[in-house]
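# Descriptive structure summary
The residues making up each chain are set out below.
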Amino acid sequence: MIVRASVVAGFALAVPPAFGQQIYDIWTSTWDKAQLFTYTNLSPNPINFGSPGAIGQADITINDETLAQAMVGYGATLTDSSALILNNLKSQNSNNYWSILNTLFDPTDGADAAGLSYIRVPLGASDFSANVYSFDDVSGDTTLTNFNINNAPSYLFSVINDIRGINPYLKIHILPWSPPGWMKDSGTMKGGNFLSQYTSVYANYLLKCLQGFQSHGISVYAIGIQNEPENSDSSYPTCKISASQEAQIGTALRTLMNANGFSGVRIVGYDHNWNDAAGYPVELMDDASSAFSGVAFHCYSGNFTQQDSFHNAFPSKEVYFTECTGEYGSDWWTDIKWYMENIFIGSVTHSSKSGLMWNLALDGNGNPKLPGTSSCGIPCRPVVQVNSDGSFTYHQEFYAMAQAGKAILPRDVNGPFGQRLHLTIGGERAQGLIATAFVTGRVNPSDWLRYSLVVLNWDDRPDGTWNPTPIQTTIEFRDVQATYTFPVGVTTLWWYAPSESFDGESEAREGKQKQQLDGAGKEKAQKPFKAWVHADINGERQRPIEMALQ
């Protein structure tokens, strides 16, 4: 208490009558890996927002008057193979296991971690399972008497609960790669078409999946009807389900969920490629809009801008991006650029609430896979590679997500995730940058909001030849301006500012520092306000604290 009092008293004498915004916190991953998700605290020389001047080589203008979608998180799929790899590591080297989980999932503000907050979990086998199984493989069991959620390996639930222990905000999205084989014309989970005669049975099967996860203490955020419903492959679990069939199943499932305590769980449809965004997802919503919260997209065909075809047709429905994989042997920096352009900036700018990669963890050969599967002919690369000796490596998928994820995590315990803002980029080198911005609300409405900016500088050939070149950039925010030179790579930074309803905000936005006068020409007493303050204690620079100031 004595130290805090002295800090407040000592700082109060030096506080000017109005606070400007300042950038202290920056995370960077550069093209040459010289910095990999590297944190820099600019104290004691922050970047100040001040009166606007000439714009830089590029100029980013942030509009915080109109809010876009609220984000729910970034992440990957916890396949059976990913769970097995991690569970084996837990037995072999528990320190490395917990180090990986904390680095991937810790959402604590200021933590040296990505804070991934969204995972998909296959219901039954996928192409990354030890064997083919569903939760009821007894042919013709229309009463689902033999349904058993524990057909899934026990380590799957164990790893999920370990992750939940680290990240209380974790969103879990479950969906099948195939219904049980006896519900299909092929008689097997490997390829084939769904038989409509099993619509109500399959809806009950999915309800039991929700109840099964609940029995393991796992709350589900969303459930899907079928992963990639336009794909049939005889080498691993897949199934073709038409939009009209999915609509019927979803409608039946929604009724069952509402009647059995799962009214708050979303049903997310489609979960397939961008190229059919104007087809299957639109037909699905035409047939069963009330059953589905929205749809999800994958990257393997089409373009992220095609998400607009769905969003424009159904602007009130949610858009998710849930799968893309890297392949071993590709170039690190080329991949970073692609991921940011297409997923973690591109898909998000086009209404997605999430951004997910494929396998969370595999070994250095993209294994283990389902025996005999033809998927991932070039080995699929996971977010984190775990080697047989217990060592591990974070790949480019991690660094892209970590940079993006820092910008949307809650600032306060149990606070909201970031909400996307609109921005424009101008200036003579505008084409060298792409970016997205977010505002994060506060638990206490009087606390200043956090504004975050994620920027990709991909200007590695400004004159047509290889020459990675930083770009001096001005950032325009509420009629004030800051300047930062973005290196070639990905940069995430943030600052704090009062909300629009903040008392006296109109003067701040006009760049004025007026005194409030009463009728006698004397200065009025001003209401206390809160600001972020960096202080020195015994010569050591401290983390910022919020202070009430007069």
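Thresholds applied
Along each chain, numbering runs from 1 in the same order as the chain's sequence is written. At least 70 in pLDDT is required for a residue's local features to be given in this predicted model, at least 80 for side-chain atom pairs to be given and counted, and no such filter applies to totals for whole chains, interfaces and linings, which use all residues. In computing side-chain values, all of the structure's heavy atoms are included and hydrogens and water are not. One speaks of a salt bridge when a side-chain nitrogen belonging to Lys or Arg is within 4 Å of a carboxyl oxygen belonging to Asp or Glu. Each helix is a run of DSSP H or I of at least 4 residues and each strand a run of E of at least 2, with the numbering of both proceeding from the N terminus. Per-residue accessibility, obtained with a 1.4 Å probe over protein chains only, is compared with the maximum for each type, and a residue is labelled buried under 20%, exposed over 50%, and partly exposed between these values. To obtain an axis, a line is fitted to C-alpha atoms, over the contacting stretch when the element is a helix, and the angle between two such axes runs from 0 to 180 degrees between their N-to-C directions. Geometric relationships in this document are graded by angle, where less than 35 degrees denotes roughly parallel, more than 145 denotes roughly antiparallel, 65 to 115 denotes roughly perpendicular, and other angles denote oblique. Any two residues whose heavy atoms approach within 4.5 Å are treated as being in contact. Three residue categories are used. Nonpolar comprises Ala, Val, Leu, Ile, Met, Phe, Trp, Tyr, Cys and Pro, charged comprises Asp, Glu, Lys and Arg, and polar comprises the others, including Gly. DSSP calls a pair of strands paired once it identifies at least 2 bridges connecting them. Helices are assigned an expected span. That span is 1.5 Å times one less than the residue count.

### Observations concerning the pattern of salt bridges
Taken as a whole and judged by the stated rule, the model has 14 salt bridges. A salt bridge links R442 to D412, with the nearest nitrogen and oxygen atoms 2.8 Å apart. Placement of the pair is R442 in the loop between β22 (433-440) and β23 (449-457) and D412 in the loop between α11 (396-406) and β21 (419-426), with a sequence separation of 30 residues. Looking at R442, the relative accessible area reads 10%, which means it is buried. Using a relative accessible area of 14% as the deciding quantity, one classes D412 as buried. If you follow the salt bridges from partner to partner, you end up with D109, R411, D412, R442, D447 and R450 in one network.

### Concerning the packing of helix α2 (residues 80-92) against helix α4 (residues 154-166)
Between α2 and α4, the least distance of the axes is 9 Å, while the angle of their chain directions is 75°. If you check the angle between α2 and α4, you find them roughly perpendicular. Packed against α2, whose contacting residues are D80, A83, L84, L86, N87 and K90, the element α4 presents Y155, L156, S158, V159 and D162 at the interface. In terms of residue class, the contact of α2 with α4 is built from 6 nonpolar, 2 polar and 3 charged.

### Notes on the environment of Y320
Counting through the fold element by element, Y320 comes out in strand β14 (residues 318-323). For Y320, a relative accessible area of 0% translates into the label buried. It is 6.3 Å that separates the C-alpha atoms of Y320 and V295, two residues lying 25 residues apart in sequence. Contact partners of Y320, with chain neighbours within four places excluded, come to V72, Y118, Y221, R266, V268, V295, A296, F297, S352, K353 and S354.

### As for the sheet that holds strand β5 (residues 58-70)
As summarised here, the arrangement of the 9 strands in space is β3-β2-β26-β23-β22-β21-β5-β24-β25, forming an open sheet in which the pairing is mixed. Edge positions in the open sheet fall to β3 (38-41) and β25 (480-486), since each of these has one partner strand only. Sheet twist, expressed as the mean angle between neighbouring strand axes with direction ignored, is 25°. Strand contacts of helix α9 (residues 332-344): β2 (25-30), β22, β23 and β26 (489-497), with the helix running at about 130° to β23, the strand carrying the most contacts.

### A few points about helix α5 (residues 199-215)
Between the first and last C-alpha of α5 there are 24 Å, a value that for 17 residues agrees with the 24 Å anticipated at 1.5 Å per step. Of all the residues in α5, the buried ones are T199, V201, Y202, A203, Y205, L206, L207, C209, L210, G212 and F213. Buried-residue contacts for α5 involve β7 (118-123), α4, β8 (171-176), β10 (222-223) and α6 (243-259). Looking one or two places after α5, you find G217, whose phi comes out positive at around 75°.

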